[in-house]
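Here is what each chain is made of, one letter per residue.
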Amino acid sequence: MVRSGWFSRKPTGNKSSTDIPAGIVTKCQRCNEILFVRDFERNSKVCTKCGFHHKLSAYERIEITVDEGSFQPLNEDIISRDPLNFIEYPAKLEKARTNTKLSEAIVTGTAFIDNKPVVIGVSDFGYMGGSMGSVVGERISRAMEYGLAHRLPVILFTASGGARMQEGLLSLMQMAKTSSSAGKLREAGILFVCVLTDPTTGGVYASYACLGDVILAEPGAIVGFAGRRVGNQDTGVNLPDDFQTSEFQAEHGMVDRILPRKEMRTALALLLKLFDGGRHNDR
Amino acid sequence: MIGDVFDFEKPITEVENLIQELKSPQRREEALHEGIDLSAKIAELEEELHRVMVRVYKNLSPWEKTQLARHKDRPYSLDYIRLIFDDFFELNGDRLAANDEAIVGGPAILENRPVMVIGQQKGRDIKERQRRNFGSAHAEGFRKALRLARLAERFHMPLITLVDTAGAAADLHAEEFGVSEAIAHNLREFSLLKTPIIVTIIGEGGSGGALGLAIGDHVSMLEHSIYSVISPEGCAAILWHDKSRASDAAKSLCLTASNAHSLGVIDDILPEPLGGAHRDPVTMAETIKTSLLTSLNKLDSFPSVDILIETRYQRLRRMGEYVEQTPSEEESNDG
């Protein structure tokens, strides 16, 4: 198995060394290979040289996952407040909205995958690190309840640093809220699939992201509980190179399959077929 | 008071020291010799002490509360278990890998009624703290808790949890054994558990590690306990790259019992004896016991376990604050 060094992030500091014409070429964040944007985009932002999976925005992900034109958003009109009057929170929300053109850090809705109906939710790391506050939690719970009401399987793509600090305790409670909704799906016999993408950590990994009936992951994604630094400081133990990656989690039994980006849609379609549309009807 | 003194406690220890001095055999002998009656002076100082304590403890800052919640003399789960319950019979092990001593639990009697009690235990001395990983549970601890919760469910025993942890373990072992999965699993399974659950946050309610034992039908916090998504130090490090600004972070995080109550996260606040639970654990235990019995009484009156579970779900569903904009109206949910 390819392991040591494969997933360790190299600093991408020396940007001045090459002058890259914007829009035509780009550089792999891991191997620094200069790539044509056209090839890079065509390969769904996976490096054509080293295979590194770069982050996707929520809508980029939806585009490569669901049947063309089938996505219908849900609950986009639920937006964040600043319940704690937290320092700079409104400004950060505003900046995130401007940068991502999204109303919050997760996009949820209905779609078809290979003609099979699903409820789908996709986190966007670009929106405040994909962090989970009241709105993200509410949209996830509502997506699950939609799946419950319409007997549709639920597929969630995670990409999040964890609970959103700026909403304090209310963010912590979203872990409980989303997990209890996942419990409802489970009791109702509705398939829940999680796809862990880079990164999935903290309060998101320690709640709904770990509760999929099937858990898939992208290669090389950071997946773990607390930061690598935290672990190191606490114990002084030398950590393995792949600590807190999807490969590490798969090795320890936490992930069913690690699949390259270009195989994910096909795998989801197959799962929907194998689980008979993702809901059993003898209830 | 023995040991470290927090800054906010200094005015109290000053008066305490004065009283101590007046009560010392040497001073008493001197006074007797000079024919002075010290008792009036002592009584006066004791009144003064009371006034100072009321003033200090009614006006604690969030950071001071954090320090108090972590006080090394603060009663821990096993102290309360001893004081509140009879015949506690500790059960060990997750039946999968290990026995995590950061979490303790077992059946016990609460006023003639069998219950299951589970608590996080920090440890008093260095050795015990190491053994219990300072109350920071690994996956094995959360899985032991779930095992005991399931046992309670099968025997129709109400479940009582005592929360007191800085957070779950975050080391290599924790990651290897799936601490995230264990917490997530508990969040889901406790939300569906077919028996009443009463949660009391007795000290630190640190993030996911606390939440892993904190899903319930009635959640109380002790007056000087805290409940937070991240430690003030961690928050300060992220916001300002400066752990020493933990005091500012504590304020921003709204982590006190009254904050948690106004955010709708907890149901009630249990008043602590003047000066904090550690100054009078017996009284504190009595307060907790009364509260447990009241909650239990309330939860017993649910017509069915299905309604209990649905109410528990709706309780969690309400958590969060957001604005929902519909084309015609703007409505806000203050959950």
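Use the structure listed above.
Residues numbered from 1 in each chain as written. Chains lettered and ligands numbered in written order. Predicted model: local features only at pLDDT ≥ 70, side-chain atom pairs only at ≥ 80, totals over all residues. Heavy atoms only, no water.

## Things to note about the nonpolar core
Within the largest apolar cluster, 130 residues are counted, with the highest numbers of intra-cluster contacts made by Phe-192 of chain A together with Tyr-227 of chain B. Top element by residues in this core is helix H5 (residues 168–188) of chain A. It accounts for nine residues. Setting aside chain neighbours within four positions, we find Phe-192 of chain A in contact with Met-144, Val-154, Leu-156, Ala-182, Leu-185, Tyr-208, Leu-211, Gly-212, Asp-213 and Val-214 of chain A. One finds Leu-78, Tyr-80, Leu-110 and Leu-308 of chain B within the second-largest nonpolar core, a separate group that totals 24 residues. (Core = buried A, V, L, I, M, F, W, Y, C linked by side-chain atoms within 4.5 Å. Buried < 20%, exposed > 50% of the residue type's maximum accessible area, 1.4 Å probe, protein only. Helix = DSSP H or I, 4+ residues; strand = E, 2+ residues; numbered from the N terminus. Contact = heavy atoms within 4.5 Å.)

## As for the pairing of strand S3 (residues 159–165) of chain B
All names here are of chain B. Of all seven residues in S3, seven are buried, a share of seventy percent or more. Residues Leu-159, Thr-161, Val-163 and Thr-165 point to one face of S3 and Ile-160, Leu-162 and Asp-164 to the other, with burial holding for every one of them. In this structure, strand S2 (residues 113–120) lies alongside S3, joined through four bridges in parallel fashion. By the bridge assignment for S3, Gly-119 is matched with Leu-162. (Pairing = 2+ DSSP bridges.)

## Structural notes on unusual backbone geometry
With the exception of glycine, the majority of residues adopt a negative phi angle, and the majority of peptide bonds are in the trans configuration. All names here are of chain A. Asp-198 connects to Pro-199 through a cis peptide bond whose omega is -15°. When you line up the elements, Pro-199 lands in strand S8 (residues 192–201). One non-glycine residue, Asn-85, lies in the positive phi region at around 55°. Structurally, Asn-85 is set in the loop between strand S4 (78–80) and helix H3 (89–100). If you check the backbone angles, Glu-88 has positive phi at about 65° while not being a glycine. Here Glu-88 lies in the loop between S4 and H3. With relative accessibility at 53%, the residue Glu-88 sits in the exposed group.

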